[in-house]
Number of protein chains: 2
Amino acid sequence: MHILIIGAAGMVGRKLTQRLVADGGFNDQTLEALTLVDVFQPASPEGFTGKVNSLTADLSDAGTAEKLIATRPDVIYHLAAIVSGEAELDFEKGYRINLDGTRALFEAIRLAQKEDGYRPRVVFASSIAVVGAPLPFPIPDDFHTTPLTSYGTQKAMSELLLADYSRRGFFDGIGIRLPTICIRPGKPNAAASGFFSNILREPLVGQEAVLPVPEEIRHWHTSPRSAVGFMLHAASIDVNVVGPRRNLSMPGLSATVGEQIEALRRVAGEKAVRLIRREPDDMIIRMCEGWAPGFEARRARELGFTAEDSFDEIIRVHIEDELGGQL
Amino acid sequence: MHILIIGAAGMVGRKLTQRLVADGGFNDQTLEALTLVDVFQPASPEGFTGKVNSLTADLSDAGTAEKLIATRPDVIYHLAAIVSGEAELDFEKGYRINLDGTRALFEAIRLAQKEDGYRPRVVFASSIAVVGAPLPFPIPDDFHTTPLTSYGTQKAMSELLLADYSRRGFFDGIGIRLPTICIRPGKPNAAASGFFSNILREPLVGQEAVLPVPEEIRHWHTSPRSAVGFMLHAASIDVNVVGPRRNLSMPGLSATVGEQIEALRRVAGEKAVRLIRREPDDMIIRMCEGWAPGFEARRARELGFTAEDSFDEIIRVHIEDELGGQL
C-alpha cells in the first residue's frame, strides 16, 4: 500500500505518519511506501523500512497535483490548508490554497481515472468551522453549513466537491470535520482558540497560562490521538455503508472551560489550577460565542469513529503521548 | 437605476425583464437602463423608453464578467446556468458554467470594489436541488445541503461563495432557492420534471398530456409570476435584516400530483382531466422519489416573500398570464 499525505509537516500530519509507521498498515494491507508533502519539508519517519518520498510542494501550484498523483497512491490524506486567521486576512490566498488546491487535487485524480481507472481513497480534513452561529446544542448531523469565515466557506465548498466526485465514482472520499484539537502539543500559539490547550498544557509542566474567557464557555474537543484515529478509520471503512453523504462531523467531547479546569484539578491538583491566570479579552470572548458548542455526531459514532468521554482522559492522553507518561 | 440580467433569454429572465419594464423600477428608484445578457441574444423589451443593451456572452469566458461589471450596474440578476441534466452529462461544462462562471462574476465585482468602492445588489437563482434525499417533510430552513447531482453541488457551492462575498462586504447578495416552476409556459420539454406542468398546461388548451408517475408523488411548486416576485423582492429588501445567512428557501406550494389534478378538475372540468394519459415510467418514478416534497420556508416568508396557497390559484395565474384570461 502506498499512502500520500499532503500537509504532512503539520501536527496531525506528523502524528498520522508516526502512527501509520507504527501500525505498518491497515485492513490487512502492508504499508510499503509513504509520500510526504508540505510547503515545508516533512521529516522522514523513524523506524520505517519502506520507501519514503519527502517533498516540498504547494498543491495550488500548476502541475503539483498531477505530479503527486502520477505514482497512483492507494490512499490520499489531504490535510493541507491555510489556517482560519490567515484565510481571513488574505482572501485570495485562502481561496487559492484551500479551495483551488483541493479542486486541483480532485481534478488530477479524475483525469487519472480516465487514463487507467485509478480510484483511490481520499480522506479530507474538514473543520467544524463549516457551521456558523447561531448554533443549537448539540448540533445535529443534518444542520446546514453557514460558515462565518472564509476558511469555513472554503472547507464547506471542498466538502461539496468531495461528495460530488465520490458520487460520480472518481474516488472514494471521506470528509472529516475535526473538533478543536486539545491538548495541542508544543508552545502556546497566536490562534484565538489556543487558550483551550494552553490552560491545561502549561500548568501540567509548572508554567503559567492565561485564560481570556469566562468558565461558562462551552466548546468541542478531541485529542490529537483521536484525530489520528479518525484519519485511520476513514481510510479503512466501507464507503458503501457511508452512502452519498460523505462529510461527517466527528465525535468529540463537549465541555465548558470550567469542566476543563475541574479535570485538571483531578489529574494534576490544585497547584496546577493555580497557574491559570484570568485575563478577560473581549475580542476573544466575542469570537468564542460564535464557536460550535458541540455536535451530536450520531452518524460518525454509528460508523465506528470514537473519541474521549471525559477531559480527564484527554489530559491523560497528553501525559502519555507528550510527557512520557509522567507528571 | 441600471439593472443587469445574466441569463435574460430564459423563461424567468424574460418574465423578469417584462415585469421590471412594466413596474418602471422599485424602492422609489426609476429603471433607467437594462443590460440583458445570455448565450442567445435576449429580445429587447417592448414599451421601455430607457436604455437597453442586449448582449450575447458566456459568463465563463475570460473577460466577460469584467466587461459586464465595467458599467457598474446597481442590481445584478444572475440567472444563467447549465440545467441539471446537461450538468450531469457534461461534468466539465457544468462546473465551468455553473461554478466558475458564478465565481468569475463575484470576483469581477470584488476587484471593481477595490477600484471605486462599487457594491451592487446581487440576486442569484439557486435551486431546491441543493438538498438531496433522504429528505424530511417539510424541509426546515436549517437542513443541510447534500445534493445528489453535480448541478445541485454547483448551486450549493455558489451559495457559499455568495454568502462569503456578502459577509465581507464585496456586494449585497441574496440567493433564491426556486421551487419547481409550474405551470411552465411553452411546449412540453425533455426535462424529467416536465410532466408537473404538462398535465395542466396541455389539457387547459384541449391537448393530451402524459403522466408518468403515481398520483401520490408530492413536490414543491411555484408559478412563474411568483418566481419573478421573489426576484423583485430580493432586490429591494434590507440585507441587514437578512443577516449573514443569505441563501433562502423560497415559499411555494407542496402538492401531490393527485391534488394538482383535483385543482384542474375544479378550474377546467372533467373534460380537461380526461386528457391526462397515465403511462408509468420507472426511471422518472425513481428520480421523483429523491425530489424535495416541500420546504418550511419560514425565514423567506418572514422576510416578505410570498407564493400561491393553492393549485387552483397557480392554474388561474397561468390562465391570466399565458391564455389571456380565458379558457
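Residues numbered from 1 in each chain as written. Chains lettered and ligands numbered in written order. Predicted model: local features only at pLDDT ≥ 70, side-chain atom pairs only at ≥ 80, totals over all residues. Heavy atoms only, no water.

- As annotated in an unreviewed UniProt entry, chain A carries the name SDR family oxidoreductase and is attributed to Paracoccus aurantius.

**Observations concerning the overall build of chain A**
Here is step 1: Secondary structure assignment for chain A yields 13 helices and 14 strands.
Here is step 2: Expressed along its principal axes, the backbone C-alpha trace of chain A runs to roughly 60 × 45 × 35 Å.
Here is step 3: Here the contacts in chain A between residues at least 6 apart in sequence split such that 76% fall between residues at least 24 apart.
Here is step 4: When the accessible surface of chain A is split by element, carbon and sulfur atoms take 49% of a total near 13,500 Å².
Here is step 5: Distance from the positive charge centre (35 side chains) to the negative charge centre (43 side chains) of chain A: 1 Å. (Helix = DSSP H or I, 4+ residues; strand = E, 2+ residues; numbered from the N terminus. Contact = heavy atoms within 4.5 Å. Areas by Shrake-Rupley, 256 points an atom, 1.4 Å probe, with all protein chains shown as cover. Lys, Arg positive; Asp, Glu negative; His and termini not counted. Charge placed at Lys NZ, Arg CZ, Asp CG, Glu CD.)

**Some thoughts on empty space enclosed by the protein**
Here is step 1: Scanning all chains against the criterion turns up 2 cavities of 30 Å³ or more.
Here is step 2: A volume near 40 Å³ is recorded for the largest cavity.
Here is step 3: In this structure, the largest cavity is lined by Ile183, Pro224, Arg225, Ile314, Val317, His318, Asp321 and Glu322 of chain B.
Here is step 4: Every element with two or more residues in the lining of the largest cavity is listed here: helix H7 (224–236) and helix H13 (311–322) of chain B.
Here is step 5: For the lining of the largest cavity, the leading source of residues is H13 of chain B, giving 5 residues.
Here is step 6: Within the lining of the largest cavity, the residues separate by chemical class into 4 nonpolar, 1 polar and 3 charged.
Here is step 7: In terms of lining residues, the second largest cavity is bounded by Ala163, Asp164, Arg167 and Pro244 of chain A together with Pro147, Leu148 and Thr153 of chain B.
Here is step 8: The element that contributes the greatest number of residues to the lining of the second largest cavity is helix H5 (residues 150–167) of chain A, accounting for 3 residues.
Here is step 9: When the residues that make up the lining of the second largest cavity are grouped by side-chain class, the tally is 4 nonpolar, 1 polar and 2 charged. (1 Å grid on protein atoms, 1.4 Å probe; cavity = no way out; pocket = protein on both sides within 12 Å on 5 of 7 lines; lining within 4 Å. Points joined across faces, edges and corners; volume = space filled by probe spheres on them. Nonpolar A, V, L, I, M, F, W, Y, C, P; charged D, E, K, R; others polar.)

**Brief notes about the interface of chain A and chain B**
The extent of an interface is frequently quoted as the accessible surface area lost upon association of the parts.
Here is step 1: Listed by partner, the interface residues are 37 residues for chain A and 37 residues for chain B.
Here is step 2: Of the roughly 3,100 Å² buried where chain A meets chain B, counting both sides, 52% is carbon and sulfur surface.
Here is step 3: Contact with chain B buries surface across chain A, with Phe91, Leu160 and Arg245 of chain A losing the most and accounting together for 22% of the total.
Here is step 4: Between Arg168 of chain A and Glu88 of chain B there is a salt bridge, with the nearest N and O atoms lying 3.6 Å from each other.
Here is step 5: Here chain A is connected to chain B by 30 residue pairs in polar contact (both at pLDDT 80 or more).
Here is step 6: In terms of residues, the side of chain A that touches chain B owes the most to one element, helix H4 (residues 91–116) of chain A, which gives 10 residues.
Here is step 7: Among the residues forming the side of chain A that touches chain B, the class breakdown is 17 nonpolar, 7 polar and 13 charged. (Buried area = accessible area lost by both parts, 1.4 Å probe. Salt bridge = Lys/Arg side-chain N within 4 Å of Asp/Glu carboxyl O. Polar contact = N/O pair within 3.5 Å; in protein donor to acceptor, adjacent residues only side chain to side chain.)

**A look at the packing of helix H4 (residues 91–116) of chain B against helix H5 (residues 150–167) of chain B**
All names here are of chain B.
Here is step 1: Where H4 contacts H5, the axes come no closer than 9 Å and their chain directions differ by 10 degrees. On the basis of the axis angle, H4 is roughly parallel to H5. Packed against H4, whose contacting residues are Phe91, Gly94, Tyr95, Asn98, Leu99, Thr102, Arg103, Phe106, Glu107 and Arg110, the element H5 presents Ser150, Tyr151, Thr153, Gln154, Met157, Ser158, Leu161, Leu162 and Tyr165 at the interface.
Here is step 2: Here the residues of the contact of H4 with H5 are counted per class, giving 9 nonpolar, 7 polar and 3 charged. (Axes fitted to C-alpha atoms, helices over the stretch in contact; angles between N-to-C directions. Parallel < 35°, antiparallel > 145°, perpendicular 65-115°, else oblique.)

**Notes on the packing of helix H9 (residues 257–268) of chain B against H13 of chain B**
Helix packing for two helices is described by the angle between their axes and how far apart those axes are.
Residue and element names in this part refer to chain B.
Here is step 1: Relative to each other, H9 and H13 sit at 55 degrees, their axes nearing to 8 Å. Considering their axes alone, H9 and H13 lie oblique with respect to each other. Note on packing geometry: the crossing formed by H9 with H13 is right-handed. Between H9, through Gln260, Ala263, Leu264, Arg266 and Val267, and H13, the contact on the second element is made entirely by Phe311, Asp312, Ile315 and Ile319.
Here is step 2: A class-by-class count of the residues in the contact of H9 with H13 yields 6 nonpolar, 1 polar and 2 charged. (Left-handed = near helix turned anticlockwise from the far one by under 90°.)

**Details of the sheet that holds strand E4 (residues 33–38) of chain A**
All names here are of chain A.
Here is step 1: Sheet architecture is open: 7 strands sit in the order E5-E4-E1-E6-E7-E8-E12, paired in parallel fashion. Lying at the two open borders of the sheet, with one neighbouring strand each, are strand E5 (51–56) and strand E12 (247–249). Strand-to-strand, the axes of this sheet are offset by a mean angle of 15 degrees, without reference to chain direction.
Here is step 2: As paired elements, E4 and E5 share 6 bridges and run parallel to each other. Looking at E5, one finds that Leu36 is bridged to Ser54. (Pairing = 2+ DSSP bridges.)

**Looking at the relation of the copies chain A and chain B**
Here is step 1: Placing chain A over chain B gives an RMSD of 0.0 Å and needs a rotation angle of 180 degrees, together with 0.0 Å of translation along the axis. Interpreted geometrically, this transformation is the action of a two-fold axis. Within chain A, the C-alpha atom positioned nearest to the axis of rotation is that of His144 of chain A, 1.9 Å from it.
Here is step 2: The share of interface residues of chain A whose copies in chain B are also at the interface is 100%, consistent with both copies meeting through the same surface. (Least-squares fit on C-alpha atoms with pLDDT ≥ 70 in both.)

**Focus on the pattern of salt bridges**
Here is step 1: Tallying each qualifying case throughout the model produces 50 salt bridges over all chains.
Here is step 2: For the salt bridge of Arg19 of chain A with Asp23 of chain A, the shortest nitrogen-to-oxygen distance reads 3.1 Å. Linking Arg19 of chain A with Asp23 of chain A, this pair stays in helix H1 (residues 11–23), spanning 4 residues, or about one helical turn.
Here is step 3: Classification of Arg19 of chain A as partly exposed rests on a relative accessible area of 32%.
Here is step 4: Asp23 of chain A sits in the partly exposed class, given a relative accessible area of 41%.
Here is step 5: The partner of Arg110 of chain B in a salt bridge is Glu107 of chain B, with the nearest N and O atoms 2.8 Å apart. (Buried < 20%, exposed > 50% of the residue type's maximum accessible area, 1.4 Å probe, protein only.)

**What to know about helix H13 (residues 311–322) of chain A**
Residue and element names in this part refer to chain A.
Here is step 1: Here H13 is 12 residues long and its end C-alpha atoms lie 16 Å apart, about the 16 Å a rise of 1.5 Å per residue gives.
Here is step 2: Buried residues of H13: Phe311, Asp312, Ile314, Ile315, Val317, His318 and Ile319, and no others.
Here is step 3: Check the buried side of H13 and you find it contacts helix H6 (195–204), strand E11 (218–222), helix H7 (224–236), strand E13 (253–256) and helix H9 (257–268).
Here is step 4: Gly324 lies just past H13 and shows a positive phi near 65 degrees. (Expected span 1.5 Å × (residues − 1).)

**Focus on the pairing of strand E13 (residues 253–256) of chain B**
Residues and elements named next belong to chain B.
Here is step 1: In E13, alternate side chains face the same way, and those of Leu253 and Ala255 on one face and Ser254 and Thr256 on the other are all buried.
Here is step 2: Summarising the sheet, strand E11 (residues 218–222) and E13 pair through 4 bridges and their orientation is antiparallel. Paired with His221 across the strands is Leu253, a residue of E13.

**Side note on the domain arrangement of chain A**
Residues and elements named next belong to chain A.
Here is step 1: Domains assigned within chain A are domain 1 (2–179 + 223–249) and domain 2 (192–220 + 253–293 + 308–322).
Here is step 2: Taking only C-alpha atoms, the centre of domain 1 and the centre of domain 2 are 28 Å apart.
Here is step 3: Here domain 1 and domain 2 share 3 salt bridges between them.
Here is step 4: The salt bridge involving Arg225 is made with Asp321; its shortest N-O contact spans 2.9 Å.
Here is step 5: In this assembly, domain 1 and domain 2 are joined by 5 residue pairs in polar contact (both at pLDDT 80 or more). (Domains from an automatic or database assignment.)

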